[in-house]
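Listed below, chain by chain, are the residues.
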Amino acid sequence: MTFAYDATGDGPALVLLHSAVCDRRMWDPQWSALVEAGYRVVRCDFRGFGQSPLPDRRHNDAEDVLDLLDYLGVEQAALIASSYGGRVAVEIAARRPDRVSAMALLCSGLPGHEPTDELRAFGEREDALLEAGDILGAVELNVDTWLGPDAEEAVRDAVREMQRRAFEVQLAAPEGAGRNGVEIDLSAVKAPCLALSGGLDLADFRQIAAQLPGLLTDTRHVELPWASHLPSLERPAAVTDLLIGFLRETVPAG
């Protein structure tokens, strides 16, 4: 593999897909608990994050994840995905429904979503800070925007580190780097899905989660009133319990 990943455990396969604010380290709070619950757990850094540099060509993250599953000999996996990772998970489930046993989407993005003015304004502010060379300012903007009041300072520091690393990798991208998007048919998604949203999150992600039961065949939406955009980091134990409960219903281990 030409991008970074971890894999351990035995049992039904789970793949953890990170948000665009973080990298695969965001799943540290859930990692051991999911393995101990009886699952084979895989996580990777998308290209441009963590330890995965961007190649000098365009790529597709969903295809990368499918290539990783092939490399590991995994025929079917449950996908647990945060934010941008959720967008990738939905693309995988639509393009290859036979490869996905279940999905848990945390404050997920969605292919084809038209951003609100609020999300556009965030992106413009981030771009302006990066163009001015203020990487630290862009990092703090992300920490303030995406973490809620329940996030401890150690969590804020961890997100600062992951987001700064992502900016460093992406700003060093070689010529020709970029992501390829593809059109998908949401009606092709067959896997049972748990869609979690945060009551304190931006409207875009609350709206997506609320719409998913009407867009995907077998989806249940649960709003976490205390959460912002990264609930698995804000209240790790509570989210871990929700994830394991969902997996026991849909992809039981043992």
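To be clear, the structure that these remarks concern was listed above.
Now for a description of the structure that goes with this document.

About the criteria used
Residues numbered from 1 in each chain as written. Predicted model: local features only at pLDDT ≥ 70, side-chain atom pairs only at ≥ 80, totals over all residues. Heavy atoms only, no water. Helix = DSSP H or I, 4+ residues; strand = E, 2+ residues; numbered from the N terminus. Buried < 20%, exposed > 50% of the residue type's maximum accessible area, 1.4 Å probe, protein only. Areas by Shrake-Rupley, 256 points an atom, 1.4 Å probe, with all protein chains shown as cover. Lys, Arg positive; Asp, Glu negative; His and termini not counted. Charge placed at Lys NZ, Arg CZ, Asp CG, Glu CD. Phe/Tyr/Trp six-rings, centres within 6.5 Å; stacked < 30°, edge-to-face > 60°. Lys NZ or Arg CZ within 6 Å of the ring centre and 35° of its normal. Patch = residues over 30% accessible without salt bridge, like charges linked within 9 Å, V, L, I, M, F, W, Y side chains within 5 Å. Salt bridge = Lys/Arg side-chain N within 4 Å of Asp/Glu carboxyl O. Core = buried A, V, L, I, M, F, W, Y, C linked by side-chain atoms within 4.5 Å. Expected span 1.5 Å × (residues − 1). Contact = heavy atoms within 4.5 Å. Pairing = 2+ DSSP bridges. Right-handed = clockwise from strand over helix to strand, strands pointing away.

What follows is about the overall build of the protein. When helices and strands are tallied, the protein shows 9 helices and 9 strands. Each principal axis of the C-alpha atoms in the protein carries an extent, and together these give about 50 × 40 × 35 Å. Burial statistics for the protein: of 254 residues in total, 52% are counted as buried. Summed over its atoms, the accessible surface of the protein is roughly 10900 Å², and 47% of this surface lies on carbon and sulfur atoms. Charged side chains of the protein number 23 positive and 41 negative; the gap between the two group centres comes to 3 Å.

Next up on the list: the packing of aromatic side chains. The geometry of an aromatic ring pair is captured by two quantities: the separation of the ring centres and the angle between the planes. Throughout the structure, instances matching the rule amount to 4 aromatic pairs. Plain terms: the ring middles of Tyr5 and Tyr71 are 6.3 Å apart, the flat faces sit at 80 degrees to each other, and that makes the pair edge-to-face. Of this pair, Tyr5 sits in strand β1 (residues 5-8) while Tyr71 is found in helix α2 (residues 61-72), placing the two residues 66 residues apart along the sequence. Ring geometry for Phe122 versus Trp146: centroids 5.0 Å apart, planes at 75 degrees, classification edge-to-face. Remark: Trp146 occurs in helix α5 (residues 135-146) and Phe122 occurs in helix α4 (residues 117-131); sequence separation between them is 24 residues. Judged by relative accessible area, Trp146 falls into the buried class, the value being 5%. Three or more aromatic residues link up through ring pairs in this structure, and these residues are Phe122, Trp146 and Phe205. Across the ring face of Trp31, the terminal group of Arg43 is positioned such that the distance to the ring centre comes to 4.4 Å.

Before going further, it helps to examine unusual backbone geometry. Residue Ser83 is not a glycine yet carries a positive backbone phi of 55 degrees. Take Ser83: it is sitting in the loop between β5 (77-82) and α3 (84-95). Even without being a glycine, Cys107 presents a positive backbone phi close to 50 degrees. Here Cys107 lies in the loop between β6 (100-106) and α4.

The grouping of Asp117, Glu124, Asp127 and Glu131 at the surface amounts to a negative patch. Here Asp117 is to be found in helix α4. Of the residues examined, Asp117 reaches a relative accessible area of 66% and is grouped as exposed.

Ile80 and Val159 are the most contacted members of the largest nonpolar core, which totals 44 residues. Listed in part, the 37 residues of the second largest apolar core include Leu17, Phe46, Ala89 and Leu105.

Let us now look at helix α7 (residues 203-215). Along an α-helix, a turn takes 3.6 residues, which lines up residues three or four apart on a common side. For α7, which comprises 13 residues, the first-to-last C-alpha distance of 18 Å matches the rise-based estimate of 18 Å (1.5 Å per residue) to within 8%. On its buried face, α7 is in contact with β6, α4, α5, β8 (193-198) and β9 (219-224).

Locating Asp127 in the fold gives a position in helix α4. C-alpha separation for the pair Asp127 and Ala138, spaced 11 residues apart in sequence, amounts to 8.1 Å.

The next subject is the pairing of β9. Examined bridge by bridge, β8 and β9 share 6 bridges and lie parallel to one another. Across the sheet, Ala195 pairs through a bridge with His221, a residue of β9. For the crossover from β8 across α7 to β9, the handedness is right-handed.

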